[in-house]
Amino acid sequence: MTDQAGLCSLSELVGRLDEATAAGKLSASAAKNIQTWLTEPAYAEYAPLVAEHIQQGQWDLLDELFWQVIPFGTGGRRGKMYPIGANAVNERTMAESAQGVADYVADWLRSHPTGQPLSCAIAYDTRHRSPEFARLCAEVMAANGFVVYFLEGFRSTPELSFAVRYKKCSCGLMITASHNPPEDNAIKVYWSTGGQLLPPHDEGVIQRVMAVREIRRIDFQQAVAEGKILICQQEVDAAFQQAVLEQRRPGPRDLKILYSPLHGVGTSAVVPVLQADGFSQLEVFAPHAAPDGDFPNVPGHMANPENPRVFDALIDYAQAHSFDLILATDPDCDRVGCAAPVQWEPGAAWQTFTGNQIGALLTDYLLQQAKDFGRLRPESYVVKTAVTTELIRRIAEDYGVRCVGDLLVGFKWIGGVMDELGPEGFLFGAEESYGFLVGGHVRDKDGVVACMMVAEMTAQGKSAGWSLQQKLYELFRRYGCHQEASFSHQMPGRQGMEKMEHLMNHLRTHPPAQIAGMPVVAIRDYLQATRTELGKSPQPYPAPQRGDMLFFDLRDLAEPENSYHVAVRPSGTEPKVKFYLFAYQPPEKIDEMDAVISRLETRLADIRADFAQYINQVVQ
């Protein structure tokens, strides 16, 4: 190819690719994908920019952009935005995603007819280019015969899940990268249940996305005029908020709340719901109020309520203005974090709570409420992931409620259990990464209903004289002290992927014999569905799903009544390996609570340091 701008001929460009590959500047897979973007008619509009990058010798960037075709993870297709690249989020990869979804869903429904027309709900968050990507996806779905229910304006991920169910859609698309850095964006794909893709649909969609060459599109405004795209956010807003409010519990509402949407969509849903639930003393934290994909007033521009530093400025403001509770949701409002005074006294210190702690507190609150109002039934159940605190299981069992608690990471598995067991008995779903659900209106985590539940719980505590920390300590005294921690090891790019695979393989074939001086007594492998005790042959392990996750069970020789565990898994949404650490001391061994917590935290810190050293030795 040549053009008037003076670009090299196609043969010259290919020659440069070959030279860069031979010199080790470019991977073979990147070179292959770059040639596709240079030569195939489907990529013609991107070829000039690809050629420009080759001429400029931007080999590191080109390798990162093209070394793989951007994959689907636990929550869809997510990555850095860049105008070109098979491994980037751009108009081409977004349109491919929508086209692949359209192809798969249409084919599935032809062989599994429901009597409903093809339809798709689409929403988007405040990230850069989210509105454009959402309209692009709507154009693709409409051109493929889908009626598109489009939520115009910034809306939450749980509202998208609700819209799929409310409008009886075949599928749904949410444009968001959740709490990722500002340069990222993503597409989350939802099935007709309102939940994210489960087997066999996840693999089926992936195959169709990877096979896309031709993309069908229709102009957005033309599709609106022809009734193929229906703008429906006002109707869905009202129905969603009413569905959330159906979960409210009676009780006091005397609580002064400071709320932060972290520059995301949360104000559109959290504020009206809390106000309708009777919380009249509500203020949105002004520095975080404006929708802004740069997340300018958040530490490190990482709008993630899992990071305690996010609450620093909020706590300062709350203490100065006599607030009782801080709530913060991530940019797409499916996760919530909170902070509160450690006791109800003027000038009291404030504490942030982890996702595990919030989940345990809500479990106790909701089950107590259900018990008080006679709503606990034999079929009642709560659901959590395997890396979420076992305190939830112990609370549930004490109330005589089943806990399904050994799921892979990802709220889609919780939604799957709801459909399998029936939503009638569902009481609560939780994952340690600050995702919670009450009610059957969605099949994903819902930061809106979670904010309402945390506010009601805190107001009840204020009225009764107990703080959230005091309630948590009460749960520790009753069920044992549970301490958890987590950390991640970043492994970006092609080399990072290779390191992740090497690390997981090494952990399986050469596991550590001890961690922080504690022997590894058993290894649970969720990929192989086995449990291996030290020095014995692997035995079948009834993992509910297969996935690349390992659990190491440790024995504390000095205090054998305590238990410690480490879980390891590659992230399904970011280029990193995640580690989850668990410590437990039974209630009969608890003396002074703060001292117990301090000892367990020290043990977790030792485990982290030892495991981090082990990782560095393996992947260096």
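Definitions and limits used
- Residues numbered from 1 in each chain as written.
- Predicted model: local features only at pLDDT ≥ 70, side-chain atom pairs only at ≥ 80, totals over all residues.
- Heavy atoms only, no water.
- Helix = DSSP H or I, 4+ residues; strand = E, 2+ residues; numbered from the N terminus.
- Rg over C-alpha atoms; globule rule 2.2 N^0.38 Å.
- Buried < 20%, exposed > 50% of the residue type's maximum accessible area, 1.4 Å probe, protein only.
- Contact = heavy atoms within 4.5 Å.
- Areas by Shrake-Rupley, 256 points an atom, 1.4 Å probe, with all protein chains shown as cover.
- Lys, Arg positive; Asp, Glu negative; His and termini not counted.
- Charge placed at Lys NZ, Arg CZ, Asp CG, Glu CD.
- Pairing = 2+ DSSP bridges.
- Axes fitted to C-alpha atoms, helices over the stretch in contact; angles between N-to-C directions.
- Salt bridge = Lys/Arg side-chain N within 4 Å of Asp/Glu carboxyl O.
- pLDDT = per-residue confidence, 0-100.

1. Comments concerning the overall build of the chain
Right, on to step 1. Per the secondary structure count, the chain includes 19 helices and 24 strands.
Right, on to step 2. Computed over its C-alpha atoms, the radius of gyration of the chain comes to 25 Å, within 12% of the 25 Å expected for a compact globule of 620 residues.
Right, on to step 3. Along the longest, intermediate and shortest principal axes, the C-alpha atoms of the chain span 80 × 60 × 50 Å.
Right, on to step 4. Here the chain holds 620 residues, and 59% of them are scored as buried.
Right, on to step 5. If you take every contact in the chain between residues at least 6 apart in sequence, the share linking residues at least 24 apart comes to 69%.
Right, on to step 6. About 24000 Å² of surface is accessible on the chain, with carbon and sulfur atoms providing 49% of the total.
Right, on to step 7. With 56 positive and 76 negative side-chain charges, the chain shows a separation of 4 Å between the mean positions of the two kinds.

2. Quick word on the pairing of strand 5 (residues 171–175)
Right, on to step 1. Most of strand 5 is tucked away, with five of its five residues classed as buried.
Right, on to step 2. A two-sided burial pattern is seen for strand 5, the buried positions comprising Cys-171, Leu-173 and Ile-175 on one face and Gly-172 and Met-174 on the other.
Right, on to step 3. As paired elements, strand 3 (residues 119–124) and strand 5 share five bridges and run parallel to each other. Paired with Ile-122 across the bridge in strand 5 is Leu-173.
Right, on to step 4. Of the strand pairs in this sheet, strand 5 and strand 6 (residues 184–191) are connected by five bridges, and their pairing is antiparallel. Bridge pairing links Met-174 to Lys-188 in strand 6.

3. Points about the side chain of Ser-433
Right, on to step 1. Here Ser-433 is to be found in the loop between strand 15 (426–431) and strand 16 (435–437).
Right, on to step 2. With sequence-adjacent residues up to four places away left out, Ser-433 is seen in contact with Glu-306 and Arg-335.

4. Focus: the sheet that holds strand 10 (residues 325–329)
Right, on to step 1. The mixed open sheet is built from five strands, whose spatial order is 9-8-10-11-12. If you trace the sheet from one side to the other, it starts and ends with strand 9 (282–284) and strand 12 (350–353), each paired once. Between one strand and the next, the sheet's axes are offset by a mean angle of 20 degrees, whatever the strand orientation.
Right, on to step 2. Across four bridges, the pairing between strand 10 and strand 11 (residues 336–341) is antiparallel. Within strand 11, the residue paired with Thr-329 across the bridge is Val-336.

5. Points about the pattern of salt bridges
Side chains that carry opposite charge are capable of pairing whenever their charged atoms lie near each other.
Right, on to step 1. Per the counting criterion, the structure on display carries 37 salt bridges.
Right, on to step 2. The partner of Arg-77 in a salt bridge is Glu-96, with the nearest N and O atoms 3.9 Å apart. With Arg-77 in strand 2 (residues 76–80) and Glu-96 in helix 5 (residues 91–111), this residue pair connects regions lying 19 residues apart in the sequence. Take Arg-77 and Glu-96: they sit in the same class, and that class is buried.
Right, on to step 3. With a shortest N-O distance of 3.6 Å, Glu-431 and Lys-445 are connected by a salt bridge. With a gap of 14 residues between them, Glu-431 in strand 15 and Lys-445 in the loop between strand 16 and helix 16 (447–464) connect regions that are remote in the sequence. In this pair, the class of Glu-431 matches that of Lys-445, namely buried.
Right, on to step 4. Taken together, the shared-partner salt bridges connect Lys-188, Asp-332, Asp-334, Glu-431 and Lys-445 into one network.

6. Thoughts on the confidence of the model for the chain
Right, on to step 1. Across the chain, the average pLDDT comes to 94, with 98% of residues at or above 70.
Right, on to step 2. For residues 1–6, every residue scores under 50 in pLDDT, and the model assigns this stretch 13 contacts once sequence neighbours within four places are set aside.

7. Side note on the sheet that holds strand 13 (residues 381–385)
Right, on to step 1. Taken in spatial order, the four strands make up an open sheet running 14-13-15-16, and their pairing is mixed. Bordering the open sheet on either side are strand 14 (402–407) and strand 16, each of which pairs with just one other strand. The mean angle between the axes of side-by-side strands here comes to 10 degrees, regardless of whether they run parallel or antiparallel.
Right, on to step 2. Note that strand 13 and strand 14 share four bridges and pair parallel. Its bridge partner lying in strand 14, Val-382 is registered against Cys-403.

8. Observations regarding unusual backbone geometry
Right, on to step 1. Cis geometry marks the peptide bond from Pro-199 to Pro-200, where omega comes out at 5 degrees.
Right, on to step 2. Mapped onto the secondary structure, Pro-200 falls in the loop between strand 6 and helix 8 (201–211).
Right, on to step 3. With a phi angle near 70 degrees, Arg-129 is a residue other than glycine that sits in the positive phi range.
Right, on to step 4. Relative to the helices and strands, Arg-129 is located in the loop between strand 3 and helix 6 (130–143).
Right, on to step 5. Residue classification places Arg-129 among the partly exposed residues on the basis of a relative accessible area of 31%.
Right, on to step 6. Phi is positive for Leu-262, close to 50 degrees, though the residue is something other than glycine.
Right, on to step 7. Considering the arrangement of structural elements, one finds Leu-262 in the loop between strand 8 (257–260) and helix 11 (270–276).
Right, on to step 8. A relative accessible area of 0% means that Leu-262 is categorised as buried.

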